[in-house]
Amino acid sequence: MEIFLTYLKVFAVGGLVCSVGQILINKTRMTSARVLVTFLLAGALLEAVGLFRYIEEFGKAGITIPITGFGKSLAAGAIEGAKLGLYQACTGGLAAVAAGLTAAIAFGFIIALISKSKPKST
Amino acid sequence: MQMDKKEYGELVKETTPKTKEGKTILCAFAIGGLICMIGQAFSDLLKVLLPAFDDKKIGALTGVVMIFLGSLLTGLGVYDKIGYYAGAGSVLPITGFANSVVSPAIEYNKEGIVFGLMAKMFSIAGPVIVSGVCASVVIGVVYYIIGLF
């Protein structure tokens, strides 16, 4: 029963994040790149002021799977690095998202290489 | 590579799924929530399969799995069909980030591997990475300076 409740929370938080994004697209005609940047920075900012962990405790993957989680990892890595020194403060962010970024680039390259361009279906 | 604002806007408009207003918000909620639940399921599964990994590594690996799925579904042409209905529900999850990398890469593959595929890969993901890395450096340096006192 508890696992059901967890997944319900994940669904609710994840859905809420995405519907806020959709409202932004509908109201301001924002492009997807701008929406992604906005939510990434929002995630990083929430982590920087220490609020992200409370949302994460409640919504789990609902807030970490959207791009806000990517921003959170960047900020968290930088904050952790800042404890060690200035060098790690600058490199910590990228180091924290190294896995995801490498996956996006490597998988993206391979899959784009073997996929054929399809005519746009509307 | 130089691209003016209009060209860039057109490119984004082309890659953004066209959606009608109204029930778009509900669709975004349902599909966005569903993708997050799939992510949670992979996270729970990885935790069972790899008990030695800490939460941070599990989180990163979950991201890798979701990015792989997003790239694969984009390559198969399925993700764009989902995006037609889901709008932001398919853009905001990390699978949408993967989609934004793979989709232009496939489209410009015909212009050559270096200046087509490799360069255009970042036409949407580029701004995301640049803003994210710059923000992380600012946050890191601010925290470092605060830590000095």
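A brief structural summary.

About the criteria used
- Residues numbered from 1 in each chain as written.
- Chains lettered and ligands numbered in written order.
- Predicted model: local features only at pLDDT ≥ 70, side-chain atom pairs only at ≥ 80, totals over all residues.
- Helix = DSSP H or I, 4+ residues; strand = E, 2+ residues; numbered from the N terminus.
- Buried ≥ 20, exposed ≤ 12 C-beta atoms within 10 Å, placed from the backbone.
- Contact = placed C-beta atoms within 7 Å.
- Nonpolar A, V, L, I, M, F, W, Y, C, P; charged D, E, K, R; others polar.
- Arc of directions from axis to C-beta.
- Core = buried A, V, L, I, M, F, W, Y, C linked by C-beta atoms within 7 Å.

**Thoughts on the overall build of chain A**
In step 1: From N to C terminus, chain A includes seven helices and zero strands.
In step 2: Dimensions along the principal axes, computed over C-alpha positions, put chain A at roughly 50 × 40 × 35 Å.
In step 3: Counting across all 122 residues of chain A, residues that qualify as buried make up 54%.
In step 4: Residue pairs in contact within chain A that sit at least 24 positions apart in sequence constitute 61% of those at least 6 positions apart.

**Description of the overall build of chain B**
In step 1: Check the secondary structure of chain B and you find eight helices and zero strands.
In step 2: Mapped from its N terminus to its C terminus, chain B presents α and β elements in the order α-α-α-α-α-α-α-α.
In step 3: In chain B, buried positions account for 48% of the 149 residues.
In step 4: Taking the contacts inside chain B whose residues are at least 6 apart along the sequence as the reference set, 67% of them involve residues at least 24 apart.

**A look at the interface of chain A and chain B**
Interfaces are often described in size by the accessible area the parts lose on coming together.
In step 1: Contacts between the two partners involve 62 residues from chain A, matched on the other side by 64 residues from chain B.
In step 2: Where the side of chain A that touches chain B is concerned, the elements lending two or more residues are α1 (2-28), α2 (32-48), α4 (61-64), α5 (67-82), α6 (86-96) and α7 (98-114) of chain A.
In step 3: A per-element tally of the side of chain A that touches chain B places α1 of chain A first, with 14 residues.
In step 4: Broken down by class, the residue content of the side of chain A that touches chain B amounts to 38 nonpolar, 21 polar and three charged.

**Some remarks on α6 of chain A**
In step 1: Inspection of α6 of chain A places Ala89, Gly92, Gly93 and Ala96 of chain A among the buried residues, and these make up the whole buried set. Down the axis of α6 of chain A, the buried side of the element spans an arc of 90°, and every buried residue falls inside it.
In step 2: Of the surrounding elements, those touching the buried residues of α6 of chain A are α5 of chain A together with α8 (122-148) of chain B.

**Some remarks on unusual backbone geometry**
Residues and elements named next belong to chain A.
In step 1: In this structure, arginine 29 is a non-glycine residue whose phi angle is positive, near 55°.
In step 2: With respect to the element layout, arginine 29 can be found in the loop between α1 and α2.
In step 3: The class for arginine 29 is exposed, based on 10 C-beta atoms found within 10 Å.
In step 4: Here the phi dihedral of lysine 60 falls at roughly 45°; this positive angle occurs in a residue that is not glycine.
In step 5: By the element assignment, lysine 60 lies in the loop between α3 (52-59) and α4.
In step 6: With 22 C-beta atoms packed within 10 Å, lysine 60 lands in the buried category.

**Some details on the nonpolar core**
In step 1: The biggest cluster of nonpolar side chains holds 74 residues, and the ones touching the most others in it are Leu36 and Leu40 of chain A together with Phe97 of chain B.
In step 2: Among the elements that line this core, the one with the most residues is helix α2 (residues 24-49) of chain B, at 10 residues.
In step 3: Filtering out sequence-adjacent residues up to four positions away, leucine 40 of chain A remains in contact with Ile67, Phe70 and Gly71 of chain A together with Val128, Ser131 and Gly132 of chain B.

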